[in-house]
Amino acid sequence: MRRQQSILSFFQKPSPEDQIKTANSLAEDQINDSTAARRPESSQKRGSTVYSASMENKLPLDVRGTDTPPEKPPRPRFSDIGKCDVAARPFASILHKFVKRDLPETNPSDCDLVFSEDLEDRSPETFRQKCVTNVGINDNNRDVDNTCSNPLAKPTSEKEWNEISDSELLTFLDLEPADLEPETPEMRRFPHSKRVQVDVDSVRQSEHAPFVESIKRKKTIHELAPNKASSERASETAGSKFKWLDPAFIKDANGRRPNDPLHDKKTLYIPSGELAKMSASQKQYWNVKREYMDVVLFFKVGKFYELYELDAEIGQKELDWKMTNSGVGKCRQVGISESGIDDAVQKLLARGYKIGRIEQLETANQAKSRGATSVIQRKLVNVLTPSTLVDGSIGPDAVHLLALKEGKYEGENRKTGYGFAFVDCAASRFWVGSVEDDGTCASLGTLLLQVSPREVVYENRGLCVGSEKALRKYTSADSHPVQLTPTTFHTGLTNACDIHRFITSKGYFKGGSSLGDMTSLHDLALSALGLLMDHLSRLMLEDLLRNGDVLPYHVYRSCLRMDGQTLVNLEILRNNVDGGPSGTLYKFLDHCLTAPGRRLLRRWICHPLQDVDEVNDRLNVVDAFTSNAGLASLVSESLRKLPDLERLLGHVKSSAGSSSALLLPLVGERVLKARVRSLGHLVKGLRVGADLLALLLEEGRRIPSLVKILNCPLMQQFEEFIREIESAVDSSFPRFQDHSVEEGDAEAYGQLAETVCERVADLTRFIHGLSCADVLRSFAGAAAVSSGPMNRPVLLPAGSTGGPVLEVRGLWHPYAVCGNEDRLVPNDVVLGGSSGRAPRTLLLTGPNMGGKSTLLRATCLAAVLAQLGCYVPCDSCVLSTVDVIFTRLGAVDRIMSGESTFYVECAETATILQNSTQDSLVLLDELGRGTSTFDGYAIAYAVLRHLVERVDCRLLFATHYHPLTKEFGSHPRVSLQHMACLFRDDGDDKRKELVFLYKLAAGPCPASYGMQVALAAGVPPPVVAAAAVAAQRMQASTAASFRSSERRAAFSSLHEDALRTLLALSSAAASGDDVDASDTALCLWHELHTVYS
């Protein structure tokens, strides 16, 4: 009982007299001895106080420690407002939470608003009336405005009180709607004081405010007053001190809010008055930051690099750095020393951030020499992004930054076109071009997969919805994250003429290209180049623009065309599981020993050849490496010694004529060391490469194709150049790997870099020749380590025979075996022939999981490998060149693009029907399965008939619609085959196991055996049994629908058209008026008779 009384007495509120007395004594104690320890006076009274059972006039105070309050009665929302009687305000203990922080001190006698105890009527009208009554609006009470902190004028009449809104009413009561939300842990100012929810700032500003009468609460505030400074620091760390950085007020440089479609995320609006108040160091930082809001800016201060405000949040989040308020201008700050800045930058770049560095242009002593109050000069010297990296941490694959410009091509069709320009900053090379496209954006997808950019820059609101969908589709599956950056022109370059003049005036692209080639480019291509130049200029990459060289880029010209969907379906460059290279044609062929060789291999795979002579030249070199193991070993040994010559040359090119970075204190020395190191490695690598090239040219006397492919400069002159530059480097920088910078080194390096750039064209050809040798040796290596036989294909020029032909014997999938060589099952695929009478269409049926899709993919890969100049995984291959490969495989939807499975099927099929030719190779797998049975069958039938009779291309058509085998069973241009299977007899007819043979056999398959596959997949046997019964019932009911096709089995659709023509001509011949019609009818009759006999 005593324990209960002790707990209950804790909640008893003191009388007004005791409260005033205690408050006065607290004030005296604070004045007399601010550092003495205080003990709450109420602690002595609490044990002797009698708890009152009535809770209407008393409300529990806050709870400390382990004290547990009893169940609380319902709380009133508001009580009478304004009176200072504590007993009249049972909710006074928490009302201080609703007081604004910026309230000045007020006299309690001036506060006429009190909280109402009326719990029955809480309507706005009743509350509004009480406000009018309690405020006592009259002419004698106008001085109430002088005691109110609200800058708005209060209503002075009852009519004005009735006209204001509810939110304004709360404002006049010094309350805000947001303040009425429940308190969260983030809002607590004193997390270590359990259950004490005290707002120190509000109470200290108005110590005698009518909202604070609790003795216990006042003593708590008094005890915690010495910690006020630390609390303020914690509060400042939690949020920015700048209002214009608040998400509720932030704007871009043009004053647009983030919800504006034209909002520029790259810029920040800072009021001019705010800048004027800043110190010189603050102005240095914020003048840069407001132009680079999308960049994390490191600010150099002495021997440290610091991040401020929003960038400090990123440093705290990504690098786990501790945030303080010791930054420039006492803002939020994190930082790191000079020794750790490179690692920090690499980590942030790996997470997709753009990084800028504001460096000191002078030392502290140099600044002091200009005056005691002078501030160290600083400048943004570079901006690094994941797409513009140039150091060795980016790996061997090319890193591209792509700029896109969409527009319309002139002409009758007004097709959509894309101008594009992309750059490999590490190699200092630009490519520019344009491509036409249709509604499926297949060409755009091809470009994206070929280039594989890390970042795509395009005009804000400059792409249509279809283009944006294609961007998301083809970049989302990449193993590397791809940044999509909408931007605007900052230089005002909007048309091709202005861009051409701008390039000339700035002296851009003097590295190795002629501006005459650019004049022939499409306007869209030049516009994309202008957009790319504008973006690179903002990233402080002027040296790259001046010294880089521009090359034309053709997505499809003079090569076997494979659109983006085909590259995805055949898993040419990346797999469909995680977007990586494992299980792809690129990975299968990649046995390259140099980084330039790997990059060249990727470009070759994207552009297989169509010229038979060029293909045979490559095959001749592969034959030489395959038959001469000694030559392959010597070449491999030399290639392993080569550094990345392509990127080293790019480093030297981009630094030629650039000395601004070398003037920076400390940083300039580090930059010069890196440049000297790159130059030294380049020269030593050229010596190794020259020796290897001499060996290959010596071998080329027996292999003329090798000399033709290498296409190297005159070796005698090139050897002399290498000796000169090698001697100069040894003289100026004998220890280039760990060179100690001395005076005059910058000039010496500049002269050597200029000498190298004078021969950049020859050096580029030299490096390309070495890369070609590496790729062709890789082709030979892939054949040597393959899981099955690989042989040289025989290529025939298109149109040289009676028609297109593809004849592959012993074909197997090159990378679907996955180490299971014992499961390799070769097959023969024949489409067309030299006589021109062999069927060019293979109508393939078979069980689920029987290997149909694998066979189709293997056939397409055989054509790709043959036209690459590589051996084909088969016993023999005869192929007339293919112009385009089209594929429609699998069932997939595009949720992010709003496209269903069947829509994707139809879109891909539409591209095939519109663009395929007689020399194309088309692959269609299970067309029509994404819709109803009859709709799907009808579409499959119509598409197959169109491709067989109108296009007459090499076609592989896999289906589970078995009536199609009846429709086209006797068609002279269609061959029926199936993937064989059998049932393993274990004595139980009901539980026979289906065995897949993965062997191509003649004729149609009697069924798809879906029930057996369902059982193998784990579907419960009762469900499968019920499905089998339902299948028999449905088959019986729909048999009549397909009976007509069964009756037509001996008469193809092609003969049907011929018969109609014959009957029409016979009618004309019967009249005796048309001799030509009679002759035509007779010829048709003989043709039909020959076919059926």
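Throughout, residues of each chain are indexed from 1 in the direction in which the sequence is written. Reporting in this predicted model follows two pLDDT cut-offs: at least 70 for local features of residues, and 80 or more for side-chain atom pairs to be given and counted; totals over whole chains, interfaces and linings ignore these cut-offs and use all residues. The basis for every side-chain value is the complete set of non-hydrogen atoms in the structure, without hydrogens or water.

Novice: Would you mind going over the overall build of the protein chain with me for this structure?
Specialist: Note on conventions: DSSP H or I runs of at least 4 residues are helices, E runs of at least 2 residues are strands, and numbering of each starts at the N terminus. A count of helical and extended segments in the protein chain gives 40 helices and 24 strands. Burial classes: relative accessible area under 20% of the type maximum marks a residue as buried, over 50% as exposed, and values in between as partly exposed (1.4 Å probe, protein chains only). Counting over 1093 residues, the protein chain shows a buried share of 48%. In the form shown here, the protein chain has an accessible surface area of approximately 52600 Å², with 51% of it arising from carbon and sulfur atoms. With residues, only the protein chains shown are counted as cover, and all accessible areas are computed by Shrake-Rupley using a 1.4 Å probe.

Novice: Just checking my understanding: could you explain the state of the cysteines for this structure?
Specialist: A covalent bond between the sulfur atoms of two cysteines is what we call a disulfide. Our working definition of a disulfide is a cysteine sulfur pair at a distance within 2.5 Å. All chains considered together, the criterion is met by zero disulfides. Of the cysteine sulfurs around Cys874, a residue in no disulfide, the closest is that of Cys877, at 5.0 Å. Residue class for Cys874 comes out buried when judged on its relative accessible area of 0%.

Novice: I keep staring at the packing of aromatic side chains and nothing clicks. Help me out?
Specialist: Aromatic ring pairs are defined here through the distance separating the ring centres and the angle between the ring planes. Centres within 6.5 Å are what make two rings of Phe, Tyr or Trp a pair, Trp counting through its six-membered ring; a difference in plane orientation under 30 degrees is then read as stacked, over 60 as edge-to-face, and the rest as tilted. Evaluation of the coordinates by the stated rule reveals 23 aromatic pairs. Arranged with centres 5.6 Å apart and planes meeting at 45 degrees, the rings of Tyr941 and Phe968 form a pair that is tilted. Residue Tyr941 is found in helix H34 (residues 933–951), and its partner Phe968 is found in the loop between helix H35 (963–967) and strand E23 (974–984); the two are separated by 27 residues along the sequence. Summarising the burial analysis for this pair, Tyr941 and Phe968 share the class buried. Here the aromatic cluster, defined as three or more aromatic residues joined through ring pairs, consists of Phe242, Trp244, Tyr285, Trp286, Phe299 and Tyr308. One residue, Arg618, lies across the ring of Trp604, its end atom 3.7 Å from the ring centre. Lysine NZ or arginine CZ positioned within 6 Å of the ring centre and within 35 degrees of the ring normal marks a charge as sitting over the ring. Positioned above the aromatic ring of Phe721 is the side chain of Arg759, whose terminal nitrogen or guanidinium carbon lies 4.9 Å from the ring centre.

Novice: Would you take a moment to explain the pairing of strand E4 (residues 304–308) for this structure?
Specialist: For a regular strand, side-chain orientation follows a simple rule: the groups alternate between the two sheet faces. Judged by how many residues are buried, E4 sits mostly within the fold: four of five residues are covered. Remark: two residues form the turn of the hairpin made by strand E3 (residues 295–301) and E4, two consecutive strands paired antiparallel; Gly302 in that turn has positive phi of roughly 65 degrees. The sheet contact formed by E4 and strand E5 (residues 333–337) spans five bridges and is antiparallel. Of the residues in E5, the one forming a bridge with Leu307 is Val334. Whether two strands pair depends on DSSP finding at least two bridges between them.

Novice: Any chance you could explain helix H17 (residues 496–506) here in plain terms?
Specialist: One turn of an α-helix holds 3.6 residues; hence residues three or four places apart share an orientation. Within the span of H17, buried status applies to Ala496, Ile499, Phe502 and Ile503. Down the axis of H17, the sector holding all buried residues measures 125 degrees, keeping them to one side. Opposite the buried face of H17, at more than 90 degrees from it, the exposed residues are Cys497, Arg501 and Ser505. The arc in question is the one spanned by the directions pointing from the helix axis to the C-beta atoms.

Novice: What's the story with the pattern of salt bridges in this structure? I'm lost.
Specialist: Between side chains of opposite charge, a pair can form as their charged atoms come close. Salt bridge, as applied in this entry: a Lys or Arg side-chain nitrogen positioned within 4 Å of an Asp or Glu carboxyl oxygen. Taken as a whole and assessed by the stated rule, the structure comprises 38 salt bridges. Residue Lys354 is joined to Asp294 by a salt bridge in which the shortest nitrogen-to-oxygen separation is 3.5 Å. Placement of Lys354 in strand E6 (residues 354–360) and of Asp294 in the loop between helix H11 (280–289) and E3 is noted, with a sequence separation of 60 residues between them. Given a relative accessible area of 23%, Asp294 falls into the partly exposed group. By sharing partners, the salt bridges in this structure join Arg429, Asp549, Arg599, Asp644, Glu646, Arg647 and Lys653 into a single network.

Novice: Can you walk me through the nonpolar core in this structure?
Specialist: Nonpolar side chains in soluble globular proteins tend to end up buried together. Nonpolar cores are built from buried Ala, Val, Leu, Ile, Met, Phe, Trp, Tyr and Cys residues. Side-chain atoms within 4.5 Å join them into one set. Counting 136 residues, the largest nonpolar core has Leu585, Leu589 and Ile885 as the members making the most contacts within it. Note on definitions: a residue-residue contact is assigned when non-hydrogen atoms from the two residues lie within 4.5 Å. The contacts of Ile885, once residues within four sequence positions are left out, are Leu560, Arg561, Met562, Thr566, Leu570, Cys860, Ala863, Val864 and Leu921.

Novice: Sorry if this is basic, but what is going on with the environment of Val775 here?
Specialist: Looking at where Val775 falls in the secondary structure, it is placed in helix H31 (residues 760–784). Assessed through its relative accessible area of 0%, Val775 is described here as buried. Considering only alpha carbons, one finds Val775 and Trp604, 171 residues apart in sequence, at a separation of 9.2 Å. Contact partners of Val775, with chain neighbours within four places excluded, come to Cys592, Gly597, Leu600, Leu601 and Trp604.

Novice: Sorry if this is basic, but what is going on with the pairing of E3 here?
Specialist: Summarising burial for E3: six of the seven residues are buried, a large majority. Where E3 and E4 come together, three bridges link them in antiparallel fashion. Looking across to E4, one finds that Lys300 is bridged to Tyr305.

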